[in-house]
Amino acid sequence: MEDAAPEAKQFAAFERRNEFIDLQNAILSKDLTVEPEYDERGSEWIKVEGLAAILSEYQEQAYLLDPHLEALVTPVMGRLREHAYLRHTQHVQSSTFRLRALAVVIYNYVKFRGHKTIARFFPHEVADLTIAVTFMNSTDDVTNGLSQWSLRYALLLWISLIIRIPFDLSQFDEDDAKESIAEVIESLARRQLSRAGLERESAAELLARLYMRKDAAARLPGFIAWSCESIKEQSDVFAAIGILQVLCLYVKSSSSDDAARIMTALLAIAKEVKHGGVLYSNTLVRKFRTKLLYRMALHLVPPSVSSSRRQRRTLVGSFVGGQDFADSEDEDVSEEVEVVLEQLFEALQDKDTVVRWSAAKGVARLAERLPPSFSNQILESVLGLFEIHSMAAASLYDMPAIAEATWHGATLACAEMARRELVPQDHLSQLMSWLYKALFFDIRKGAHSVGSNVRDAAAYAIWSLARAQNTSDLAPYADKLAQNLVVVASYDREVHIRRAASAAFQEHVGRMSLFPHGIDVLRKTDFYAVSVRRNAFVIVAPQVSEHPEYRNALLDHIMNVSIRHWDASIRESAAQSLCGICQLNLLELGPQCINRLNSLFESVDNSDVHGALLGLTDLAKAFNEATDAKSLQCRGKIFASLELVPPAILNSPRNELVMVAACHLIATSISHEELAGKATSPHWRKVIDLSLRHRSSVVQEAAAEAMKALSRLEDCSTQIQQLIAEFIKGAPHIQQSLCRVLGVFDYRTYPQSLRSVIDCLLQSIDSKSSTRLQNVEARRLAHRSIPQIVENVLPRVSELITPQDMCDIIESLDNSLDDYTTDERGDVGSWIRMASIEGLTSISLNLLSQRQAIDAAGYLPIEKFHHFIGRILRQGVERLDNVRQVVGDCLLRLLAFSTAHISGVEQWRLKGEDLMRKLFSSDDERVGWANSDWLFPRVVELLGVQQYRKQLLLGLISSVGTKTSSIQRPASASLVTYAQNLPLSRTEIAYSLSELSVDLLGLAQCNLSSNTVVLPVLQTYNVLLEADALGRLATLPEGLQNLKSLLSLVSRGVQRLKNVQRIYESMKITINLLGVPEITDDSIPRLVEYLGHLFPRVRAAAAEHLYMVLQTKDFDWQTDEIEELLLETEWPNIDLDEAKAKASDIVKIMKTGS
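The model shown is predicted, which means the values in this text are computed figures rather than measured ones.

Scoring rules and cut-offs
- Residues numbered from 1 in each chain as written.
- Predicted model: local features only at pLDDT ≥ 70, side-chain atom pairs only at ≥ 80, totals over all residues.
- Heavy atoms only, no water.
- Helix = DSSP H or I, 4+ residues; strand = E, 2+ residues; numbered from the N terminus.
- Buried < 20%, exposed > 50% of the residue type's maximum accessible area, 1.4 Å probe, protein only.
- Contact = heavy atoms within 4.5 Å.
- Lys, Arg positive; Asp, Glu negative; His and termini not counted.
- Charge placed at Lys NZ, Arg CZ, Asp CG, Glu CD.
- Core = buried A, V, L, I, M, F, W, Y, C linked by side-chain atoms within 4.5 Å.
- Salt bridge = Lys/Arg side-chain N within 4 Å of Asp/Glu carboxyl O.
- pLDDT = per-residue confidence, 0-100.
- Phe/Tyr/Trp six-rings, centres within 6.5 Å; stacked < 30°, edge-to-face > 60°.
- Patch = residues over 30% accessible without salt bridge, like charges linked within 9 Å, V, L, I, M, F, W, Y side chains within 5 Å.
- Areas by Shrake-Rupley, 256 points an atom, 1.4 Å probe, with all protein chains shown as cover.
- Axes fitted to C-alpha atoms, helices over the stretch in contact; angles between N-to-C directions.
- Parallel < 35°, antiparallel > 145°, perpendicular 65-115°, else oblique.
- Left-handed = near helix turned anticlockwise from the far one by under 90°.
- Nonpolar A, V, L, I, M, F, W, Y, C, P; charged D, E, K, R; others polar.
- Disulfide = S-S within 2.5 Å.

Helix and strand counts for the protein stand at 61 helices and four strands. Burial status across the protein gives 55% buried among its 1154 residues. A sequence separation of at least 24 residues applies to 73% of the contacts in the protein between residues at least 6 apart. Computed over 122 positive and 145 negative side-chain charges, the inter-centroid distance for the protein is 3 Å.

Leu 129, Phe 505, Leu 613, Met 806 and Phe 920 are the most contacted members of the largest nonpolar core, which has 356 residues in total. Ranked by residue count, the leading element in this core is helix α4 (residues 96-113), at 11 residues. Those residues within four positions of Leu 129 in sequence are excluded, and the remaining contacts are Ile 159, Ile 162, Ile 163, Phe 167, Leu 169, Phe 172, Ile 181 and Ile 185. Counting residues in each nonpolar core, the second largest holds 30 residues, with Leu 1057, Tyr 1090, Trp 1117 and Ile 1122 among its members.

Evaluation of the coordinates by the stated rule reveals 55 salt bridges. Here Glu 44 and Arg 98 are joined by a salt bridge, their closest N and O atoms 2.7 Å apart. Note that Glu 44 is positioned in helix α2 (residues 38-57) and Arg 98 in helix α4, a separation of 54 residues in sequence. With a relative accessible area of 9%, Arg 98 lands in the buried category. Note that Glu 205 is salt-bridged to Arg 164, the shortest N-O span being 3.2 Å. Here Glu 205, found in helix α10 (residues 199-211), pairs with Arg 164, found in the loop between α8 (149-162) and α9 (181-193); they are 41 residues apart in sequence, far enough to count as distant.

What follows concerns the confidence of the model for the protein. Residues at a pLDDT of 70 or more form 94% of the protein, whose mean pLDDT is 89. A low-confidence stretch, residues 304-310 (pLDDT under 50), is modelled with 23 contacts involving residues beyond four sequence positions or located in other chains. For the stretch residues 314-328, pLDDT sits under 50, and the model shows 25 contacts to residues farther than four places along the chain or on other chains.

Applying the stated criterion to the full structure yields 22 aromatic pairs. Look at Tyr 107 and Tyr 153: their rings are 6.4 Å apart centre to centre, the planes differ by 75°, and that puts the pair in the edge-to-face class. With Tyr 107 in helix α4 and Tyr 153 in helix α8, this pair connects stretches of sequence that are 46 residues apart. Take Tyr 107 and Tyr 153: they sit in the same class, and that class is buried. Look at Tyr 491 and Phe 537: their rings are 5.0 Å apart centre to centre, the planes differ by 55°, and that puts the pair in the tilted class. You can see Tyr 491 sitting in helix α25 (residues 478-491) and its partner Phe 537 sitting in helix α28 (residues 533-544), a full 46 residues away along the chain. Exposure class is identical for Tyr 491 and Phe 537. Each is buried.

A separate point is a negative patch on the surface. A contiguous patch of negative charge on the surface is contributed by Asp 1120, Glu 1121, Glu 1124 and Glu 1128. For Glu 1124, the location among the structural elements is in helix α60 (residues 1120-1128). What makes Glu 1124 partly exposed here is its relative accessible area of 47%.

In the Ramachandran plot, Glu 421 falls in the positive-phi region, its phi being about 60° despite a non-glycine side chain. Positionally, Glu 421 belongs in the loop between α21 (403-419) and α22 (425-438). Residues other than glycine seldom take positive phi values, yet Asp 1028 does so here, at roughly 55°. Relative to the helices and strands, Asp 1028 resides in the loop between α54 (1011-1026) and α55 (1037-1051). Judged by its relative accessible area of 55%, Asp 1028 falls in the exposed class.

Okay, the packing of helix α16 (residues 283-300) against helix α18 (residues 335-347) next. Relative orientation of the contacting elements α16 and α18 amounts to 150°, with a least axis distance of 9 Å. Overall, the two elements α16 and α18 adopt an arrangement that is roughly antiparallel. Regarding α16 and α18, the two cross each other, and that crossing is left-handed. In this structure, α16 contributes Arg 289, Thr 290, Leu 293, Tyr 294, Ala 297 and Leu 300 to the contact, and α18 contributes Glu 336, Val 337, Val 340, Gln 343, Leu 344 and Ala 347. Split by residue class, the contact of α16 with α18 holds eight nonpolar, two polar and two charged.

Bringing the state of the cysteines into the picture now. For the coordinates displayed, the defined rule picks out zero disulfides. Cysteine Cys 593 is unpaired, with the sulfur of Cys 582 as its nearest cysteine sulfur at 3.4 Å. Its relative accessible area of 3% is what places Cys 593 among the buried residues. Cys 716 takes part in no disulfide bond, and the closest cysteine sulfur, belonging to Cys 663, lies 14 Å away. Looking at Cys 716, the relative accessible area reads 3%, which means it is buried.

Attention shifts here to the packing of α54 against helix α56 (residues 1060-1072). The geometry of α54 relative to α56 is characterised by a closest axis approach of 9 Å and an angle of 30° between their N-to-C directions. Relative to α56, the element α54 lies roughly parallel. In this structure, α54 crosses over α56, and the sense of that crossing is left-handed. For the pair α54 and α56, contact is made by Asn 1011, Val 1014, Leu 1015, Leu 1018, Gln 1019, Tyr 1021, Asn 1022, Leu 1025 and Glu 1026 and by Gln 1061, Arg 1062, Glu 1065, Ser 1066, Lys 1068, Ile 1069 and Asn 1072, respectively. When the residues that make up the contact of α54 with α56 are grouped by side-chain class, the tally is six nonpolar, six polar and four charged.

Here is the structure:
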């Protein structure tokens, strides 16, 4: 977890009270005797979910609703009581759905605030008992259906509340009844114990309350006998859980005398559970068994001991209260208590957290009641659990993963005992030594680690010590404890543990005032400061290190743990933290850390080597900022450390992280002194060479960074020529790597190979070249490298690149905007197009920024500039969201440059830039071009810019014709709206509908053999015709001629067309033109070509579309006969001659009518 989860919204009051009450009243107003219709159920359930949603908003601040709970809960339970009364007295029917909805509302209240709080607002009159029991005991699906669990839960809670009232149950017994009311209650509750839902919990509550009544206590032995039999059968886990819940609740609230009478039976049940393999494997069974054991034992220990022993501690550190235990030292502890304690110690090592926590609380509660000598023995036994897995382990990190459970249980038990002031001073030293280790408990297990719960419990234990121990007792441990807490608060991987350590530190500072610089350190390591991991590592730790008392502890933890951590992100953050700490005294701490990091290269673990390289890289960055001789010497020593990296690790299969770190180290620490070495092939060159040929893109990028740093220091022309030779014939991953590298060399200092590199890269992306790269990823990287080269040589661009070479670069990137390569991954050509868009934008801005030093018109011809701007805009209205977003970002960069009002660039200003700024540079730009609903209504306005119109129209028609509905719908709707608002004929400045139609038709006529252009044009025409956007054209002679030309285009050679989609679109245009009166007579004869087409599905589609048009448009002639003929004819199944005859009949009828 890199960062903490966002904090929930904080409320000051129940702000949505009125809305909540309105929703609840709407639910309560429904008639519970009438089953709603299907449509009503949806609307009613939405109200229930609305209530739950509001409650969930206030879940973290549930106390805000406490003043309102009575007014909210009482009407709901009153409604349930009212209906139960009607069922009992008048035998009315019940709506299963509405009762479930009502019960779910009650359940949501219980979930929100707890059943103990909510039950206080339930009806609790003695007369309600019969009503509730009768309702619960009904045999219909109202209470017995699987979906009615919430109703059963609410009714059982209600009954459990009523029977707490002191009254005689026998007064409800009827003379002719087969069972008493107590038997009925017990029977219905027992049936619910075997359920898996929440009704089991409320049934357990009911039975426990029932057996505590004097008039029902006689039924307890029978229940215990039934429980023994049920557990012996080992057949029902849920029933066993329910039984143990009942016994736990009973023992918790019953008197010691009552518990003593059934103690033997309860011990037998606990023993039977343990020996039952199936039952004991269940977590909840073990949890409730643990609770049962220690609650029984509490009845065996006199409670008076607890009250006499307890001491209270004030905030200033003094103690009040407390008595001498001399009288209780001689008391014997019963054998049963010792047996229970033994079982609890075993449960402390359970595999599940809930069991261990129950055992920890049980151990502490028992120790609290026992005399000091016995409680000290318990503490010694708990501390002994730490040693179980520690004896054979060389260090904390060498223990087995199963040690986690034991350590967690033991730490929790220590925390609970510390909170109850049960840790004497003579045991404090031993406890602190184990807690120090528990704070850093982290055992590697496969690809992750275990132990976060141990560290969390250790922080809880230390927090408890601050609240219970005397200041003088903790004084000897204050410095080391403060250092360990600061280390955990700064460097632990988990956010909740960093916060826990911060809380423990705060508690000690507030209560003890023993920690060095406590207030200042607390300010730096507060709850919010340590919540974000990067902030804790990079900011908090260096700030705390300003205090020498904490510096060595933080450095030691980085070197021993964080820089060697199994998580690579922790190692990276640790390296940055190390640099931050060392910068406090770089010349003193830096050399020490370099030596310690170098020692990690002796390890065979990749994590250690990687961490050491990261640490050295960040230290090198720090030394780079200094110019003194010692700093230069240290940087040289860091560079020489690369020789210490074991070759076996560099050549290992999983060496990606190490290679990246090694290349970054080279890039950061290399200098002229290192290049002057005598070795012909030094180790660092071998590392770079291996990285350049690595298959990982991350390693290749790191190698490029190293070569970039190297090229600033020496002439790499010979190496560049070797790379170019290898580039042409290399494997795809080699080509990818070299494309990266060729773009980062420092050609300003050593320009000898610049022309060769440019020619090589241009040939690699030229679609007509024999050396064009076939690998898409390599071509994308080549497109990125070319703009990088231009940017690198920018101050000397006029010297190093000729205007013709620059024009060739621009033309190559422009041509790449037509790359629509596809493979099994989809439109991979979009990667090329995006790289080209970004490259053209970058080159344009860089050249224009140097306009005073170069011939801007020669390097960036105005005509070429506006040409590729139009083609970029075309990409901005096509179907891929990511491509459109890149276009939007680049366009905003160009607009920002244009709006700078820089002299000398007027001819390169975007055409229509004021319109673009109005459309795209508002606050809504944060929505982004990827949002088609936001983009298309705006971008169609750019059709008014003549220079970019053709390319923009090509992009728009492709989006109108796409099969992606999220693009097609807004594109079509926006174009239709735009067309409807256009003037009919051309004006001096405005685009016209007539021109739009001419442009669309021109695109189709120029690309008759290309279905990729013609099809979208025809689809666009159909969209406009179906929306009646082109009907106005017929009122102008040139517009009418345009529509006739369209009809002629789509009717030409229909029988020879093989593309069915094109035939469909042509057919739709022909039929849609029937709705234009001026061209209807020309369209009617063309219907025969489609209704009598060779393809049966074309005939069927034509008949269906014609029928729809006749139904939706108004004609001056009757269409009933034609519609009847269209419906009666089975167009796909009749032969061709018959189809043509039917089509001719329809045409004749149309001609006669028109």
